[in-house]
Amino acid sequence: MLFPSALGPEILVTGVHKRINDAFQVFDHDLNKTVDVREIGAIVRSLGCFPTEAELLDIIDEVEEPNGFICFERFLPTMSKILMENKFRPIPEDTLLKAFEVLDQQKKGHLEPNELTEYMRQGDEPFTQLEMEEMLSSAVEPDSNLIYYKDFVNMMVLDGER
Amino acid sequence: FEGFICFLSMRAALLIQRWYRQYVARLEMRRRCTWNIFQSIEYAGEQDQIKLYNFFGYLMEHFTPASSERSLISHIFRENDVVHDTEWERYFCYKSIEVSHGYHGPHLTFPMTFCEASKLVEAFKHKQLLHSRYVLQLLGEAWKLLRILPNINHVSTCHSKEITICGDLHGQLEDLLLVFYKNGLPSSEKPYVFNGDFVDRGKSSMEILLILFAFLLVYPNGVHLNRGNHEDHIVNLRYGFTKEVLGKYRVHGKKILKLLQKMFSWLPLATVIDGKVLVVHGGISDTTDLNVIARMERHKVNHSAEPSEPVRRFPDPSLRTPKNSLIFGLTGLFCPSAPLSVCPSVPLSICTQSLQELRRLVSSSSSSDEDDDDADDDGGSDPQPRTPERDEWKQMVDLLWSDPMAQDGCQPNQVRGGGCYWGPDVTEEVLGRHHLQLLIRSHECKQDGYEFCHNRRVLTLFSASNYYEVGSNRGAYYQSSQTCRTLTLRQSIGRTERSALCALREQLFAHKSDLLGAFQHYDPDNTGVISLKHWASAMEGVLKLGLPWRVLRSQLGTSTQDGMLDYREWIQDLLSNASILETMYRNHSNLETIFRIIDTDHSGSLSFEEFRQTWKLLSAHLKTEVDDDAIADLALSIDFNKDGSIDINEFMEAFRLVALAVPS
């Protein structure tokens, strides 16, 4: 990571700390610097990281308290390290599009819902029923009942950028 | 080759999964931020409400005016224990009210039957208004019934085999109708528990009450009502129910409101189902004791006012003080950083302190010694000296105002200004002590309409959908015989977000000059720019909403150059469309509430004398001197339409003008 010339490394670290603190704060309901362990996925991802579920579990292992919470003091150094090292890099948009194209073996330009479901519900970290339903509800074009993945990718990218 | 394709597909699928989960997480972040905005603004409003009440309480206790002025305040709060119920029944009698031929709404006959009650539901579906004669008649009958109900409803499902529980409705008739549509109307075979907060905010609070009371009359064993913190006439002044009633019933509205005030105090406090499930509106605390609750005289406990200490400061035998009189506590009535002064030469700042600290200050004559941690073995939630009166009051407030928290323990609920935050250990202890298995409560809006916590021993149910904005949340009701069912109403993040930001922008506008001042503080050399870090500090320092400003900044249009923000330009852009006057808006809801409290006969205007007395009291609270002539002049100049009285708009305008007179 390159440091801008005007700022020293300390300033950069402070910026990172601030970002982590802000994201953490959003889920800290009782304002006591702890969050429920189930929110960690949302926090880590909202900071721009793209971990797998397994990688997320590793993070949780490192920082979780016995009572099922995560306190900020332990989370901050772990998360700072992740951000500074740029682990779990973002997936660029065109890579995502290519991934869909790989699934679309017949090059139709679209996928059927059950095709996508089959893919998403297999592997080491399959989608849950709920995740699948949610994805289909935003991905499937209602009139044709097909997934035009190029449009879908565009929509997700735009949405996410806001 | 096929194996390779398969391998590629697996890789592609994994990638898509990873990407999609990231996308969902970012949406969740946005949703949560939006949520926090609404909640913080709402809770700030609730806290204000309590502060307002505290203010009047303080005046009652500490102000030594001439007796006439004192009587104004006591007149506002007098509980009228002197007048017996039969006299009240005469006052509320409907018989003299004629129904004209022009009335096209429903005609009710009594005694109430299932047919009559369903007829009422149909009529409300068609947006008809029930005539005030029938309103008073229906309410009068229901009041008689409420007075014989116990504090805690004990319900058994051995016959009906099921029971349905509805959370906060807040005047949203459509949601109640939807529940009835999906689940059926109440009956002995289809019992319901309605868990408080029937009124305020929504437009049909009156209709909801009428329906609930009608079914209560038909099936007293099938309909169970729990009181919520909004079933309180002072809260109603602020949150819209009073306004709704006076608007719908111009001639008899005041009478109806008075009757409802009494009925609210007679609403039961809790329901226990099959000896296993406790249903209350807010929640519990570490001191909750259902036996104490069962024994109290609930209609005499004024839950939104804290009982005073046993030592009376101003003994006044001629003054009949209510049994549970008012709160101690000096609090800032207006926004903390707003200098507000009647005499321009004396700028004031009003400090806001937490309710607890203030109680400490004012009750310094008592011997209770408190640390900052409030680590009393007396019970972490209540550092005050205990009396039976106070015990009862606390039991009720805890039931109606508390919220669960994730951490163990029990502490005062400072966000709301009343009740506690209670933890999972308290849940276990209290449920265990009473041999209960589950606590169902409402009081907090949840995105999906419901939420379990404390190892699924506590369930929060909220039935008013789209509470903050269309798409902000679903409503839910609970059926004991099945798992939770949610009403499927669409959520739309974008729309809710816009609405939250709009509400936030209004707050920003109300504090515009304070914000500018705070920004300038970070820009001593007057360069016109500040860092984002300073921007965030300034925002939180002024608004005190506890929001993650840096996360929100992109939606607030803060673009920066080299990490520095041109704050003047930012404020300009953000607030360029606002047409609301700053100070007036900031205090809008407080002022309106004060107005309605002073306007005891609900006439919609204050006499000059009432205005003068109010002003004197306020200035005593604000520790300024103001002479009668100055007030008289002010009153005259405020009466813009010269009709000899001051209406709500003129009242608000008065405060705006005063604030403008302060040198900046």
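Reading the values: the criteria
Residues numbered from 1 in each chain as written. Chains lettered and ligands numbered in written order. Predicted model: local features only at pLDDT ≥ 70, side-chain atom pairs only at ≥ 80, totals over all residues. Heavy atoms only, no water. UniProt positions renumbered as here; feature names shortened; annotations may be inferred. Pairing = 2+ DSSP bridges. Helix = DSSP H or I, 4+ residues; strand = E, 2+ residues; numbered from the N terminus. Phe/Tyr/Trp six-rings, centres within 6.5 Å; stacked < 30°, edge-to-face > 60°. Lys NZ or Arg CZ within 6 Å of the ring centre and 35° of its normal. pLDDT = per-residue confidence, 0-100. Contact = heavy atoms within 4.5 Å. Buried < 20%, exposed > 50% of the residue type's maximum accessible area, 1.4 Å probe, protein only. Buried area = accessible area lost by both parts, 1.4 Å probe. Salt bridge = Lys/Arg side-chain N within 4 Å of Asp/Glu carboxyl O. Polar contact = N/O pair within 3.5 Å; in protein donor to acceptor, adjacent residues only side chain to side chain. Nonpolar A, V, L, I, M, F, W, Y, C, P; charged D, E, K, R; others polar.

Per an unreviewed UniProt entry, chain B goes by Serine/threonine-protein phosphatase with EF-hands and derives from Gadus morhua. On record in UniProt, under Sequence similarities (unreviewed entry), the comment for chain B is "Belongs to the PPP phosphatase family."

The name an unreviewed UniProt entry assigns to chain A is EF-hand domain-containing protein, from the organism Gadus morhua.

Asks: Explanation requested: the sheet that holds strand S9 (residues 420-422) of chain B in the structure shown.
Replies: Adjacent strands of a sheet form backbone hydrogen bonds with each other and so pair up, either parallel or antiparallel. All names here are of chain B. If you walk across this open sheet you meet the three strands as S7-S9-S8, and the pairing is mixed. In this open sheet, the two edge strands, each paired with only one partner strand, are strand S7 (403-404) and strand S8 (410-412). When S8 meets S9, the two strands line up antiparallel, connected through three bridges. Bridge pairing in S9 places Cys-410 opposite Trp-422.

Asks: Honestly, the pairing of strand S11 (residues 450-453) of chain B in this entry has me stumped. Any pointers?
Replies: Put simply, side chains in a regular strand alternate between the two faces of the sheet. Residue and element names in this part refer to chain B. In the sheet, S11 pairs with strand S12 (residues 458-461) via four bridges, with the strands oriented antiparallel. Note on S12: the bridge partner recorded for Cys-453 is Val-458. The turn linking S11 back onto S12 is made up of four residues, and His-454 within it adopts a positive phi angle of 55 degrees.

Asks: Explain the packing of aromatic side chains here, please?
Replies: The geometry of an aromatic ring pair is captured by two quantities: the separation of the ring centres and the angle between the planes. Applying the stated rule across the entire model yields 19 aromatic pairs over all chains. Centre to centre, the rings of A:Phe100 and A:Tyr149 are 5.6 Å apart; their planes meet at 5 degrees, and the pair counts as stacked. Taken together, the positions of A:Phe100 in helix H5 (residues 93-103) and A:Tyr149 in helix H8 (residues 149-161) put the pair 49 residues apart, joining distant regions of the chain. What links up through ring pairs into an aromatic cluster is the set B:Phe114, B:Phe180, B:Tyr192, B:Phe194, B:Phe215 and B:Tyr219. A cation over a ring is seen here: A:Lys33 above A:Phe72, with NZ or CZ 5.3 Å from the ring centre. Above the face of the B:Phe452 ring, B:Arg456 is positioned so that its terminal group lies 3.9 Å from the ring centre.

Asks: I would appreciate a short explanation of the confidence of the model for chain B in the present structure.
Replies: Where the model shows low pLDDT, its predicted coordinates should not be examined in detail. All names here are of chain B. Per-residue confidence for chain B gives a mean pLDDT of 71, with 60% of residues at or over 70. Of all the helices and strands in chain B, strand S14 (residues 485-486) carries the lowest mean pLDDT, 26, while helix H14 (residues 424-433) carries the highest, 96. Predicted confidence is poor over residues 75-83, with pLDDT under 50, and the contacts of this stretch with residues over four places away or in other chains come to 13 contacts. Contacts from residues 481-494, a stretch scored under 50 in pLDDT, to residues over four places away or in other chains number 36 contacts. Predicted complex metrics record ipTM = 0.84 and pTM = 0.54.

Asks: Just checking my understanding: could you explain the side chain of B:Glu244 for this structure?
Replies: Residues and elements named next belong to chain B. Inspection of the secondary structure assignment puts Glu-244 in helix H9 (residues 241-248). The buried category is assigned to Glu-244, whose relative accessible area is 10%. Beyond its immediate stretch of four places on either side in the chain, Glu-244 contacts Gly-202, Lys-203, Ser-204, Ser-205, Met-206 and Glu-207.

Asks: When you look at the UniProt feature "domain: EF-hand" (unreviewed entry) in chain B in this model, what are you seeing that I'm missing?
Replies: Per the UniProt record, "domain: EF-hand" (unreviewed entry) is found at residues 510-545, 586-621 and 626-661 of chain B. End-to-end, the C-alpha atoms of residues 510-545 of chain B are 14 Å apart, and along that stretch the chain is 64% helix and 8% strand.

Asks: Is there a simple way to explain the interface of chain B and chain A in this structure?
Replies: Interfaces are frequently sized by the accessible area removed from exposure as the parts join. Contact residues are listed per partner, giving 32 residues for chain B and 49 residues for chain A. Approximately 3900 Å² of surface area, both sides summed, lies buried where chain B meets chain A, with 64% of it carried by carbon and sulfur atoms. When residues of chain B are sorted by the area they lose upon contact with chain A, B:Trp19, B:Tyr20 and B:Arg21 head the list and together hold 20% of the total. The tally of links from chain B across to chain A stands at two salt bridges. Counting the contacts that link chain B with chain A gives 13 residue pairs in polar contact (both at pLDDT 80 or more). Here the side of chain B that touches chain A takes 23 residues from helix H1 (residues 2-62) of chain B, the largest share from any one element. Class assignment for the residues of the side of chain B that touches chain A results in 18 nonpolar, six polar and eight charged.

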